[in-house]
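Topology and contacts: notes
Okay, here's what each chain looks like letter by letter:
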Amino acid sequence: MSEKYKNGGHPNGDYPMETFSGEDDDRTTDFTSDENKDRGNWSGRMDFLLSCLGYAVGLGNVWRFPYLCYKNGGAAFFIPYCIMLGIVGIPIFFLELSLGQFTSRGIFNCWQFAPMFKGIGVAMFIVSLLVGIYYNMIVGWSIYYLCASFTSKLPWSECGDWSSEWCSENVKDLNATQCVAPLTYNDTTTVCYNGSTVYGVVDTTVAETFGMKKIIPSEDYMNRAVLGTAFSEGIHDLGPLNWRLCLCLLGAWLIVFFSLIKGIKSSGKVVYFTALFPYVVLIILLGWGLTLDGYFDGIRFYILEADLNKLKEAQVWKDAAVQIFFSLSASWGGLITLASYNRFHNDCLRDSLIVSIGNCLTSFFAGFVIFSYLGFLAKELGTTVAKVATSGPGLAFVVYPDAVTRMPVSPLWAILFFIMLITLGLDSQFAMLETLTTAVIDQWPDALRKRKSFVIGGFSLIMFGLGLPMCTNGGIYILELMDTYSGGWNVLIIALAECISIAWIYGFTRFREDIRTMIGNFGCNCFPWTCCSFWWIGCWAILTPLGVLFILFFSWIEYKPITSGDYIYPVWAEAIGWCMTLSVVLGLFVTMFVMFCITPGSFMERMSYLTNPTREWGPALVQHRRKIKHVPGFVVDPSSDSTPYDDQYPNKEFGGSYPATNYNDIQVDVDNGVTNTAYEP
């Protein structure tokens, strides 16, 4: 090492050494003003934490995890769940928060450590766009149910004018001797008719084999009065727009728009309600649920009947990994975006652990709430918990609404539940729209930063228009198609690319020092970063990629054509789904190819430029860039003609020659080779 550097000189100028010392750095955080005057920062420490928690804790925590838990061995499911949390969930969560906070840039511009991987940001953009289109439709459904709940008697509590002939209250339980003239009895189906109208059923088991079964009022209400699914034969038969659903979807987008109209300054305050209110409702619902007859049957079914033999099944491990990965909303771009508005010295390790663990505990707690009501419903219907347990929209809009109709003051419980669903959905929607707008604004800051409200409004209007087909009778088929294909295994490829780019191209040693520059030598104010960093390096370089590959390959092996209940999607619809999936993958790899094509120079020169940091790589502010001394060729002030490290020191001192940092002046010493070896002072 040169004497100048040892004595305190910085390769980019004659700054004293203590200016760059992590030990002597002032890490106090001032929330009275923005640290980054151009982009802005969160107004308070809890703004970011609650935004992250709200983004991670979504509808899946309530309607998917409890079902997976009982299906995969009860309490035994927590063993693979916690293992996958440790090696897949938290490492990717921490990686994305660190990257966003270090660069203070959105998903298009945070990959300047290796420009070739800008396609990761493009892929994230496409995922957030596709998911954001249909996700707000679920919020719209919840708004519809919420409005319908403001009544003295819930409309789905009994069959009404909207119901079908198979609505349970319209179909009597009979024996064969009761079905006499003028009634007509069908010996094959055991169904009794009054003219052409169903009057009753003698043997429900036989009738169900012919597709004839009673429908509880809440299911009939959803299919006929709300969604209109009963009037559609499939995705090829969408039917007319339902103006009520259109208004609810418009209402959902208006809430999102006005909550984000001032960016994080407004959304950071809204999340104090939207992120915390679901917990208030869950606690209230659990307190009441534990007073219901049959609650213990549900809880025993959910968690107490542990089946350790389930751990021998690969499917259980796959379900645990998938649930962890997608419940944390990893690799969608939202985490990078939210963290990009942090102050530079925020403890992102602490926040990663709090949100990741808090998200999983929320799922666990929600299971007690849901299954206490499922136990009650099973008792009321005289059946088993297994027969009423379900997941997805069926749980939120059929099973639970049916349960509340059997409780005193049922409208109150329905109102609380649907407000909870709305707030759970809105938090995730906030982050997805913020991801899209931040990416575009950071790409063209001079033209768009002062017009952020118009950008948000433009995205809201476009996505509202694209969501209108889901307001038709066959809209649910579109929604389920998008849900299956827009954010599935393609997101796993994004996660794999993230790990490879950070750990193997940029170098995990450099990234470790980047994080040390932000959080100091003690993460969470107690863990020595030098020691615990080896765990994160091991995850990013080996364990997490292997875990992601496991999920990816298993998803391919277990792939089955999409269905919706008994409905089988046509081949052309499945092809559209695959186009959505491949659009994300192509966004990643086509961008790589385009970047390679537009970069001048020979093959080696192009690869060298595209896999090494550009002059813009690093923190957004010069005051923080001055602390970076572990990246060869680093430029303190990219807006000036700062001299990079390797122009002041011999190439051999940094393990090889490094490329210049603009497209028109690429200098690569091909004879000596190019290395990504991190320089450690």
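Residues numbered from 1 in each chain as written. Predicted model: local features only at pLDDT ≥ 70, side-chain atom pairs only at ≥ 80, totals over all residues. Heavy atoms only, no water.

The protein chain is annotated in an unreviewed UniProt entry as Transporter of Owenia fusiformis. On record in UniProt, under Subcellular location (unreviewed entry), the comment for the protein chain is "Membrane". Taken from UniProt, the Sequence similarities (unreviewed entry) comment for the protein chain reads in full: "Belongs to the sodium:neurotransmitter symporter (SNF) (TC 2.A.22) family." (UniProt positions renumbered as here; feature names shortened; annotations may be inferred.)

Structural notes on the side chain of Asp-47
Along the chain, Asp-47 falls in helix 2 (residues 45-56). Look at Asp-47 and you get buried, because its relative accessible area is 0%. One polar contact links Asp-47 to Tyr-272, side chain to side chain, over a distance of 2.8 Å. If we skip the residues at most four places from it in the chain, Asp-47 touches Trp-42, Gly-268, Lys-269, Val-271 and Tyr-272. (Helix = DSSP H or I, 4+ residues; strand = E, 2+ residues; numbered from the N terminus. Buried < 20%, exposed > 50% of the residue type's maximum accessible area, 1.4 Å probe, protein only. Polar contact = N/O pair within 3.5 Å; in protein donor to acceptor, adjacent residues only side chain to side chain. Contact = heavy atoms within 4.5 Å.)

Overview of a nonpolar patch on the surface
Together, Ile-500, Trp-504, Trp-535, Ile-542, Leu-543 and Leu-546 give the surface a local cluster of nonpolar side chains, amounting to about 600 Å² of exposed area. When residues of the nonpolar patch are traced back to their parent elements, those giving at least two are helix 22 (489-519) and helix 23 (529-557). By residue number, the principal contributor to the nonpolar patch is helix 23, which donates 4 residues. Locating Leu-543 in the fold gives a position in helix 23. Among the residues examined, Leu-543 registers a relative accessible area of 32% and is labelled partly exposed. (Patch = residues over 30% accessible without salt bridge, like charges linked within 9 Å, V, L, I, M, F, W, Y side chains within 5 Å. Areas by Shrake-Rupley, 256 points an atom, 1.4 Å probe, with all protein chains shown as cover. Salt bridge = Lys/Arg side-chain N within 4 Å of Asp/Glu carboxyl O.)

A look at the environment of Ile-551
Checked against the element boundaries, Ile-551 lands in helix 23. Classification of Ile-551 as buried rests on a relative accessible area of 0%. Considered as a pair, Ile-551 and Asp-319 are 232 residues apart in the sequence and their alpha carbons are 8.7 Å apart. Beyond its immediate stretch of four places on either side in the chain, Ile-551 contacts Ala-321, Val-322 and Leu-492.

Side note on the nonpolar core
If you look at the biggest cluster of nonpolar residues, it comprises 200 residues, and the most contacted ones within it are Leu-99, Trp-156, Leu-374, Phe-397, Phe-418 and Leu-433. Among the elements that line this core, the one with the most residues is helix 6 (residues 118-149), at 20 residues. Ignoring sequence-local partners within four residues, the contact set of Phe-397 consists of Trp-63, Ile-138, Trp-141, Ser-142, Tyr-145, Ser-218, Met-222, Phe-418 and Leu-421. Trp-166, Val-191, Tyr-193 and Val-198 belong to the second-largest nonpolar core, a separate cluster that totals 8 residues. (Core = buried A, V, L, I, M, F, W, Y, C linked by side-chain atoms within 4.5 Å.)

A closer look at the pattern of salt bridges
What the rule picks out here adds up to 14 salt bridges. Asp-351 serves as the salt-bridge partner of Arg-350, at 3.1 Å between the closest nitrogen and oxygen. Overall, Asp-351 belongs to the buried group, its relative accessible area being 4%. Across the salt bridge formed by Asp-442 and Arg-449, the nearest N and O atoms sit 2.7 Å from each other. According to the relative accessible area criterion, Asp-442 is buried, its value standing at 13%.

Observations regarding the packing of helix 2 against helix 10 (residues 264-274)
Packing of helix 2 against helix 10 brings their axes to within 8 Å, and their N-to-C directions diverge by 60°. By the angle class used here, helix 2 and helix 10 are oblique. For helix 2 against helix 10, the interelement crossing comes out left-handed. Contacts between helix 2 and helix 10 pair Met-46, Asp-47, Leu-50 and Ser-51 from the former with Gly-268, Lys-269, Val-271 and Tyr-272 from the latter. Here the residues of the contact of helix 2 with helix 10 sort into 4 nonpolar, 2 polar and 2 charged. (Axes fitted to C-alpha atoms, helices over the stretch in contact; angles between N-to-C directions. Parallel < 35°, antiparallel > 145°, perpendicular 65-115°, else oblique. Left-handed = near helix turned anticlockwise from the far one by under 90°. Nonpolar A, V, L, I, M, F, W, Y, C, P; charged D, E, K, R; others polar.)

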